[in-house]
Amino acid sequence: MSTSDFHPSLTITAVSGTADETSAIRVRQLRVVHAPRAGRWAMSTVGRSPVEIGRIGQTQSPLALDDKEVSRLHAVVEPDGAGSYRIVDRGSRNGTFVNGQKIQTERIEHGSVVRVGKTLLLFLDHAVAHDVSAVAESPRLLGRSEVMRRLRADLAMVAPRNIPVLVLGETGVGKELVAEEIHRQSGRAGQFIAVNCAALPEALAESELFGHVAGAFTGAKARSDGLFMAAQGGTLFLDEVGECPAPIQAKLLRALAKGEVRAVGAAESVTVDVRIVAATNRDLSAEIAADSFRSDLFARLSGWVQRIPPLRERKEDILPLAAMFLARVAPSATISTNAAEALLLYHWPFNVRELEQVISAAGVRAASVNRVRCEHLPDNISAVLGPRAQLKEPIANDSEPHPAMPQVPRDAVPARDDLMAVLAYFAGNIAQVAEYFGKDRKQVYRWAERYQIDLDQVRKP
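A. Structural view of the pattern of salt bridges. By the definition in use, this model includes 18 salt bridges. The partner of glutamate 109 in a salt bridge is arginine 107, with the nearest N and O atoms 3.3 Å apart. Judged by its relative accessible area of 48%, arginine 107 is partly exposed. The shortest N-O distance in the salt bridge between glutamate 313 and arginine 307 comes to 3.0 Å. By relative accessible area, glutamate 313 is classed as partly exposed at 35%. Of the residues examined, arginine 307 reaches a relative accessible area of 46% and is grouped as partly exposed. Connected through salt bridges with shared partners, the residues Arg115, Glu341 and Arg388 form a single ionic network.

B. View of unusual backbone geometry. Backbone geometry places asparagine 99, a non-glycine residue, at a positive phi of 50 degrees. For asparagine 99, the location among the structural elements is in the loop between strand S7 (96-98) and strand S8 (101-103). The class of asparagine 99 is partly exposed, set by a relative accessible area of 36%. One non-glycine residue with positive phi stands out, namely asparagine 370, at about 60 degrees. With respect to the helices and strands, asparagine 370 occurs in the loop between helix H10 (351-365) and strand S20 (371-372).

C. Quick peek at helix H13 (residues 430-437). The element H13 is extensively covered by neighbouring structure, given that seven of its eight residues are classed as buried. Among the residues of H13, Ile430, Ala431, Gln432, Val433, Ala434, Tyr436 and Phe437 are the ones counted as buried. Backbone geometry just downstream of H13 places glycine 438 in the positive-phi region, at approximately 70 degrees.

Conventions adopted
Residues numbered from 1 in each chain as written. Predicted model: local features only at pLDDT ≥ 70, side-chain atom pairs only at ≥ 80, totals over all residues. Heavy atoms only, no water. Salt bridge = Lys/Arg side-chain N within 4 Å of Asp/Glu carboxyl O. Buried < 20%, exposed > 50% of the residue type's maximum accessible area, 1.4 Å probe, protein only. Helix = DSSP H or I, 4+ residues; strand = E, 2+ residues; numbered from the N terminus.

Nothing here speaks to function; it is geometry throughout.
Okay, structure coming up:
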């Protein structure tokens, strides 16, 4: 798989503040999310002292970037005296941009997109909970952002417990994927059955959910067990539960309260063992206040409420996801700097689903040049760059090829060849290798010693 020009673990971390009662610590990071090449990277504290951003070989700062369009001393990140930070351009040749605008001095906050040369950085300022266990990414729950790390940890806690889960989130965030992951981790032997409550015809909804006996109504020529029985011993996912008709809400309430269902036309109820996961993008509190949703049903569904963050709240996941989607349609294609910047600045009202569709279409449009540029993106996305979106970016012709992202599992002890692949990708930078595996740097050194790897040989000269 060939990725775009981003390198997802190139992180300049600033840790400040103290742990609070929630066992969280304030962490500030400048994270490189797109760069012409890996280069040399180091960890640096962005705290009380200014941190310089400049070109590699021209500055001793840990933020020395391997980018020919970055000036020797390009910009400085420094505290502004009010508990926040600002970035100051130091007379750079190509300018410094924050959130798409060229600046001289600008305050930066969580989610700010910083561009210097062809390098894109995100400024992250968030609380990191130390009591959250590390849970590896899964195909359904991709993303290394802090909010996704917490989501995976939450699901790992609730999945094995037989309590109903209510999943909340905007359209396109992946509510059904979360439900599938809960079922996968639950250990339940039955099937995962999904039903879109908004698509159920009211006249047939009861039969669809609870089944019917032969002759129960016109057209019922044979018995049907219904979706609850189909999910026996497994999980029933009630998508768009906020749009359930009122009569069906009452039937659902009984099924959840008693663990029993009665088929249409049947005289007796049947006990079922079904785990309920429901989802909605509606504000159920407002629906309850408007008498559109039963408060007692809400109480039954919300044994555990899990919110899925929208894509705009986890910008550091945008480009890795875009690269994954692009690889499906154009394995060797890359993403230009302007296009990557536009993707980071766009609001993504339809979230990951929208990103997948946009990138899939852009990959097809860019087939002739093998590089996604702003002209291949929808107008409303490229427009976030203003006039810069019209600039034609030349195809990169660096002296070194962009390395492909290693296909090495992150949640297992690597074999020697796998460790060598990751070391080569990050040019021997131990901090980045440790972040890739979610380990301390000392563990990487121990692995290297075990496999008798000479780290000096894999570091970029």
